Amino acid sequence: KSLIHKGYLMIEVRLHQQSCVLTLCVIDYSYHFLPSVQLLKSQTPEEQIHCQQGLYFEDGQRRVDYVLTYHVKKPTGGRSSRQSNLLTENAVTRSLRRGPKHLRQHGRQRSSSAGVNVELGYSGETFSSQEDHKTFQREEFEKQLVDMGLELEKEEDTKVQGVGFLKIHAPWKVLCREAELMKLKMPTKKVYEVKQSGSVTEKISSLVSKILEPLHPQVEERQPKNIKHLSHTFSREKHHLFDLSDKESFFDSKTRSSIVFEILKRTKSKANYNVGILCLSYLYKSPPPSMSESEFSVLNCAQLLYEEWANYSVFFKYQPIGLVRKYFGEKIALYFAWLGLYTQMLIPASLVGVIVFLYGCATVDDNIPSMEICHPENNITMCPLCDQVCSYWKLSTACGTARASHLFDNPATVFFSIFMALWAAMFMEHWKRRQMRLNYEWDLTGFEDEEDHPRAEYEFQVLQKSFRKHQKSKPKGHLTGVLSFVPVKDRKCNCLSFQMEKLTYQDRLPAYMTNVVMMLLMIGVTFATVFGVIFYRISTKAALHMSSNPVTRSHVQLTVKTTAAIINLVVILILDEVYGAVARWLTVLEVPKTDKSFEERLIFKTFILKFVNAFSPIIYIAFFRGRFVGRPGSYLYVSESYRMEECAYGGCLMELCIQLSITMLGKQLIQNNLFEIGIPKLKKLLRYIQSKQGAVPEEERQKKLQRYETDHFLEPFAGLTPEYMEMIIQFGFVTLFVASFPLAPLFALLNNIIEIRLDAKKFVTELRRPVGARAKDIGIWYNILRGVAKVAVIINAFVISFTSDFIPRMVYQYKYSQEGSMHGFVNHTLSFFNVSHFQEGSEPLDQLHLGYPVEICRYKDYREPPWSNTPYELSKEFWTVLAVRLSFVIVFQNVVMLMSDIVDWLIPDIPKDISVQIHKEKILLVDLFMKEEQGKVRNLESRLSTGEKEKCDQGSNNSTGAHLRPEHYNISL
């Protein structure tokens, strides 16, 4: 009965003269699908005129709290007979759940009334079509909803071709019951004033708030900010504590839809259904036409969000986070609160980054190494950059690259790296305080995530395991899956029963191994694409050097760097989509038990793959390019004719900056903005075109659509994972390689200003309204942010030490320079090479490209000259610089992390005023309950004294009567 009840088994009924045999067959798992749900959302003001109906049942009194949709096909011949058969099958199933007795009674009734052919052993009334099976499953599910107390109303004659709607209304008793089960905190009648302590900090904060008053959205709430309702977990026994004068608005639309969704989840866990049997593709919700629910006098919640939030003209204003929470729920409101705080924190980071960049621009003419490179009398001859086709070149031709590198490679970048590490720590602490304040304002201080319902996929895997175990333990010759009920009073039925198991580590081991192998394979694909782009750069550089066009040869470096960065960007965008699908597939293989576990595992896999995909090309340029080149006369080759690429004289920092800027800007403009708003609009258009291709006449289509019919064409809500993911990757761009690109915070700030309004517009106008989910934090994303911030300290230390020339400059200035200045630094970093030592076939073809024969050329490295006793060996200067670089990494990492920990320790996680208010609420709550109990005692005493007096008046002569006193009752507070 349990298996049938869960919908995992299909029933085929065969009626015989002496028994009723039910053959149970396991429904294939591939057909089971969890329904996605979506809320009916309010439209933009322009659309509200066309969809004012559909918010209530036909009686005009009961509010529509939820709408389920399913596919509807036109009835065909013989449908009525099949429908009656389905109803009979429905009754059989209910009889089976009640027990064998009811089943035998129903079998006798059906044998006499339905004309059962007992000779054949079955009635011929099995499922004749898949559509009838869908209808049967739908009726079963609807019956379970009615049993849970919900009220339903069907509407299949709609203007949306092929779609039927099931309206759901939750009565007051159901709302109260579920609110108590979900432990929802609701405002009580008790109201108290939030007093300010009058400290200097709060006075300054109040003054700043008054100054920033024009930046706040024009959302006028009825309740003053310094007045707050005392909240308590809802209880039907203590209903007198709550203000139930207006029951229609006590539970707002978000709460009502969440309650219905919780009932659907519980019902869904009892009866799974096929995607074709019951397609719960859309779930709709909307506030009523009255303004009492939205608590505003003129405009409703959605209109205010559209005007004061989802509007590009208010980009300079704060977000109405309270209104977002009221309409979309705490989980989505926390995302936008986090995004808003992150954007605010980018303002000081952007200002400091711009100052660092301007400092580089202002000091570029005073930079001694750049001046030495660009000096016209500098006639240092450099070794060829490639074999044969490349010739000797003058160092002065790298003047532009050297000057551009100084914009990002200067002493200020070290300070900026330290600043950004502390900025990340400040951001984390500030968000914890902001999150705690929101928890207090939203009555989530005592909220704990309850254990989620097991996912249907998990339950099915457990069922399969139990079924296999039962098959192994059953005796030979036993017919599996047959229940035989014999209609004899003293006979017992043979039941198929076994104990449900759990998925152990051994059961999941194949899925875990598949996950590890596929993750490594995908990371290998990323490395392969990076190697492919490397090979493209090497081959393209050699081909451009062979060009007969002098303009082409003079812009080889710029052409190769830019095109390679663009190719990297395209590959990253394509692989991002592939990796997202692969991560979901791998998570499905693991069969997590709950939705929360599924989401966390999916997030972790997606982050790993997308992080490696986005940062692999950047990490290669920063730490590997130019490190394994070799030297003239002994180069390392990718193939027989292409040697490993090396950095220009200015270092790889400039190329790192180009790659970082193109990848960051490209992802933000193309992936985050164009795809984010373009794809939902395209899908909405396609869905509308498909609906117009139906058989509905044009004049019918022109009629006024109801609210849920209009929202049917919107894109379903796919979760917050894509929104968080793009911001986390951006956070990596801002913090990980900020030493090479100080303008990254500025570009992130400009993007986020648009991103907030873009996401807001998408949520309000392009997506179906999601279910209002409760949450007290951003979950696993906070741990990922902390991890990225910690890794950023290490990466920036290595970028400063090994990618930039900061350490070689410091070593030269304080150890090798006789004057203590940077004069002679360029010559100090260049080694000598005798051109007669070139490998055969690698010397330049044009030996007289500079107009004279070259005997000695220079290359950037710390090596012994060819006339020394150990020619071309690493010099002691190399080991000195390497030791200082490693020492700097260790010191930088520990100092910055220590400073971050100090910031973490100095800033409390909970603001002082919030901790005081929480303590005050606890005291007020205790006082409230004490007064309540004291009132009960007084009422009981008055009733007892009245009864005692009446008894004395009526039976004063009865000496055996015991006087009633309050002390006789066990009354405790």
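Calculation notes
Residues numbered from 1 in each chain as written. Predicted model: local features only at pLDDT ≥ 70, side-chain atom pairs only at ≥ 80, totals over all residues. Heavy atoms only, no water. Helix = DSSP H or I, 4+ residues; strand = E, 2+ residues; numbered from the N terminus. Buried < 20%, exposed > 50% of the residue type's maximum accessible area, 1.4 Å probe, protein only. Contact = heavy atoms within 4.5 Å. Areas by Shrake-Rupley, 256 points an atom, 1.4 Å probe, with all protein chains shown as cover. UniProt positions renumbered as here; feature names shortened; annotations may be inferred. Axes fitted to C-alpha atoms, helices over the stretch in contact; angles between N-to-C directions. Left-handed = near helix turned anticlockwise from the far one by under 90°. Nonpolar A, V, L, I, M, F, W, Y, C, P; charged D, E, K, R; others polar. Parallel < 35°, antiparallel > 145°, perpendicular 65-115°, else oblique. Salt bridge = Lys/Arg side-chain N within 4 Å of Asp/Glu carboxyl O. Phe/Tyr/Trp six-rings, centres within 6.5 Å; stacked < 30°, edge-to-face > 60°. Lys NZ or Arg CZ within 6 Å of the ring centre and 35° of its normal. Core = buried A, V, L, I, M, F, W, Y, C linked by side-chain atoms within 4.5 Å. Pairing = 2+ DSSP bridges. Expected span 1.5 Å × (residues − 1).

Let us now look at the overall build of the chain. Scanning the chain for helices and strands turns up 29 helices and 14 strands. Per-residue burial for the chain yields a buried fraction of 49% across its 973 residues. A separation threshold of at least 6 residues defines the contact pool for the chain, and within that pool the share at least 24 residues apart is 81%. Accessible surface, the chain as shown: approximately 47600 Å² in total, 58% of it carbon and sulfur.

Right, let's talk about the UniProt feature "transmembrane region" (unreviewed entry) in the chain for a bit. Sites flagged by UniProt as "transmembrane region" (unreviewed entry) map to residues 332-359, 412-428, 516-538, 558-582, 602-623, 727-750 and 784-802. Secondary structure over residues 332-359 splits into 100% helix and 0% strand, and the C-alpha atoms at its two ends are 41 Å apart.

With that settled, the discussion passes to the environment of Gln893. If you trace the backbone, Gln893 turns up in helix α28 (residues 876-906). For Gln893, a relative accessible area of 23% gives the class partly exposed. Considered as a pair, Gln893 and Ala792 are 101 residues apart in the sequence and their alpha carbons are 9.7 Å apart. Leave out the neighbours within four places in its chain, and Gln893 touches Val793, Ile794 and Phe888.

Look at helix α26 (residues 806-816) against α28: their axes get within 10 Å of each other, and the N-to-C directions meet at 120°. Note on packing geometry: the crossing formed by α26 with α28 is right-handed. Across from Phe806, Ile807, Pro808, Val811, Lys815 and Tyr816 in α26, the residues of α28 making contact are Glu877, Thr880, Val881, Val884, Arg885 and Phe888. Across the contact of α26 with α28, the residue classes tally to eight nonpolar, one polar and three charged.

It is worth spelling out the packing of helix α11 (residues 330-363) against helix α14 (residues 411-441) at this point. Across the interface, α11 lies against α14 with an axial gap of 10 Å and an inter-helix angle of 160°. The pairing of α11 with α14 is recorded here as roughly antiparallel in orientation. Regarding α11 and α14, the two cross each other, and that crossing is right-handed. Tallied by class, residues from the contact of α11 with α14 come to 22 nonpolar, three polar and one charged.

Let's shift gears to the pattern of salt bridges. Side-chain pairing between opposite charges can occur once the charged atoms of the two side chains come close. Evaluated as defined, the whole model comprises 30 salt bridges. Here Lys432 makes a salt bridge to Glu429, at a shortest N to O gap of 3.2 Å. Within this pair, Lys432 and its partner Glu429 are both found in helix α14, separated by three residues, close to a single helical turn. Considered together, Lys432 and Glu429 belong to a single accessibility category, that of buried residues. Among the ionic pairs, Lys667 bridges to Asp576, the shortest N-O distance being 2.8 Å.

In this section: the packing of aromatic side chains. Counted by the stated rule, this structure contains 45 aromatic pairs. When the centroid spacing of 4.7 Å and the interplanar angle of 80° are considered together, the rings of Trp309 and Phe336 count as edge-to-face. With Trp309 in the loop between α9 (301-308) and α10 (321-328) and Phe336 in helix α11, this residue pair connects regions lying 27 residues apart in the sequence. In this arrangement the basic side chain of Arg769 is found over the ring face of Tyr327, its NZ or CZ atom lying 3.8 Å from the centre. Taking NZ or CZ as reference, Arg858 lies 3.8 Å from the ring centre of Phe832, over its face.

Among the nonpolar cores identified, the biggest contains 113 residues, and Trp338, Tyr342, Trp423 and Phe737 are the most heavily contacted of them. The element best represented in this core is α11, accounting for 16 residues. Non-local contacts of Phe737, meaning those with residues more than four positions away in its chain, are made with Phe615, Ile618, Ile619, Ala622, Phe623, Leu656, Leu660, Gly732, Ile795, Asn796 and Val799. Counting residues in hydrophobic clusters, the runner-up holds 38 residues, among them Ala179, Phe251, Ile259 and Ile914.

This next bit is on the sheet that holds strand β4 (residues 151-155). Taken in spatial order, the three strands of this open sheet run β3-β5-β4, and their pairing is antiparallel. The two strands at the open ends of the sheet, each matched to only one other strand, are β3 (66-71) and β4. Recorded for the sheet is a direction-independent mean angle of 25° between the axes of neighbouring strands. With six bridges connecting them, β3 and strand β5 (residues 163-169) associate as antiparallel partners. The residue bridging Tyr70 from the neighbouring strand is Gly164, located in β5.

Now for the side chain of Gln668. Locating Gln668 in the fold gives a position in helix α20 (residues 653-692). Here Gln668 falls in the buried class, since its relative accessible area comes to 5%.

Helical geometry note: an α-helix holds 3.6 residues per turn, so side chains three or four residues apart project in the same direction. For helix α23 (residues 721-735), built from 15 residues, the straight-helix expectation of 21 Å at 1.5 Å per residue is met to within 8% by its first-to-last C-alpha distance of 21 Å. A large share of α23 lies buried, amounting to 14 of its 15 residues.

Within helix α5 (residues 172-181), the full set of buried residues consists of Val174, Leu175, Cys176, Glu178 and Ala179. One or two residues past the end of α5 sits Lys183, with phi positive at roughly 55°.

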